[in-house]
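So the chains spell out like this:
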Amino acid sequence: QVQLMESGGGLVQPGGSLRLSCTASGFTFRAFPMSWYRQAPGKERELVATITSSGGTTNYAVSVKGRFTISRDNAKSTVYLQMNSLKPEDTAAYYCRWEYGNYWGQGTQVTVSS
């Protein structure tokens with residue numbers, strides 16, 4: 001059974017940092033690209049970042065480029081999203097996704113507010 005378990009969300013002040021984690025099980029994690037998405041209240045879910053199976057190539061939404069970093073540890077079947085210089089507009093539920101299998105995690109809430 002495929003599972004994607006996110007963690008690391010919370011409340012942070014503008015300019016702060018958080019690191020999200022997503023631990024996968026039930027498939028050969030190291031063989032597949034992974035992605036992070038987010039969805040703010042009243043808005044559509046949007047792609048934030050992607051990473052190839054080896055971790056050698058990453059891509060980012062324009063809105064987060066230079067502030068967020070996606071990475072992975074295939075030995076731990078975990079993908080990370082390091083978020084720096086957070087802004088109030090980054091407030092959203094963040095989800096990891098296994099694109100090939102069409103699976104989503106349950107999401108973790110990030111709130112950026114003073």
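Residues numbered from 1 in each chain as written. Predicted model: local features only at pLDDT ≥ 70, side-chain atom pairs only at ≥ 80, totals over all residues. Heavy atoms only, no water.

Student: Before we go on, may I ask you to explain the overall build of the protein in this structure?
Tutor: Helix and strand content of the protein: zero helices and eleven strands. Secondary structure of the protein in N-to-C order comes out as β-β-β-β-β-β-β-β-β-β-β. Against the 2.2 N^0.38 benchmark of 13 Å for 114 residues, the protein shows a C-alpha radius of gyration of 13 Å, consistent with a compact globule. A principal-axis box enclosing the C-alpha atoms of the protein has dimensions of 40 × 25 × 20 Å. Taking the intrachain contacts of the protein between residues at least 6 apart in sequence as the baseline, contacts between residues at least 24 apart amount to 52%. (Helix = DSSP H or I, 4+ residues; strand = E, 2+ residues; numbered from the N terminus. Rg over C-alpha atoms; globule rule 2.2 N^0.38 Å. Contact = heavy atoms within 4.5 Å.)

Student: What exactly am I supposed to notice about the state of the cysteines here?
Tutor: In a disulfide, the sulfur atoms of two cysteines are covalently bonded to one another. Per the counting criterion, the structure on display carries one disulfide. Between C22 and C96 runs a disulfide, and the two sulfur atoms are separated by 1.9 Å. Taking the sign of the S-S torsion, about 45 degrees here, the bridge from C22 to C96 comes out right-handed. Separated by 74 residues along the polypeptide, C22 in strand β3 (residues 18–25) and C96 in strand β9 (residues 92–98) bring together distant segments of the chain. For the pair C22 and C96, one class covers both residues: buried. (Disulfide = S-S within 2.5 Å. Buried < 20%, exposed > 50% of the residue type's maximum accessible area, 1.4 Å probe, protein only.)

Student: Sorry if this is basic, but what is going on with unusual backbone geometry here?
Tutor: Note: most peptide bonds trans; most residues except glycine with negative phi. At S85, a position not held by glycine, the phi torsion is positive, near 50 degrees. Along the chain, S85 turns up in the loop between β8 (78–83) and β9. Even without glycine at this site, N102 takes up a positive phi of about 60 degrees. Among the structural elements, N102 can be located in the loop between β9 and β10 (103–104).

Student: How do you make sense of the pattern of salt bridges when you look at a structure like this?
Tutor: Oppositely charged side chains can pair when the atoms bearing their charge come close. Scanning the model with the defined rule gives four salt bridges in all. Note that D90 is salt-bridged to R38, the shortest N-O span being 2.9 Å. Of this pair, D90 sits in the loop between β8 and β9 while R38 sits in strand β4 (residues 34–39), and the two are 52 residues apart along the sequence. The exposure class assigned to D90 is buried, which follows from its relative accessible area of 1%. Classification of R38 by relative accessible area gives buried; the value is 6%. (Salt bridge = Lys/Arg side-chain N within 4 Å of Asp/Glu carboxyl O.)

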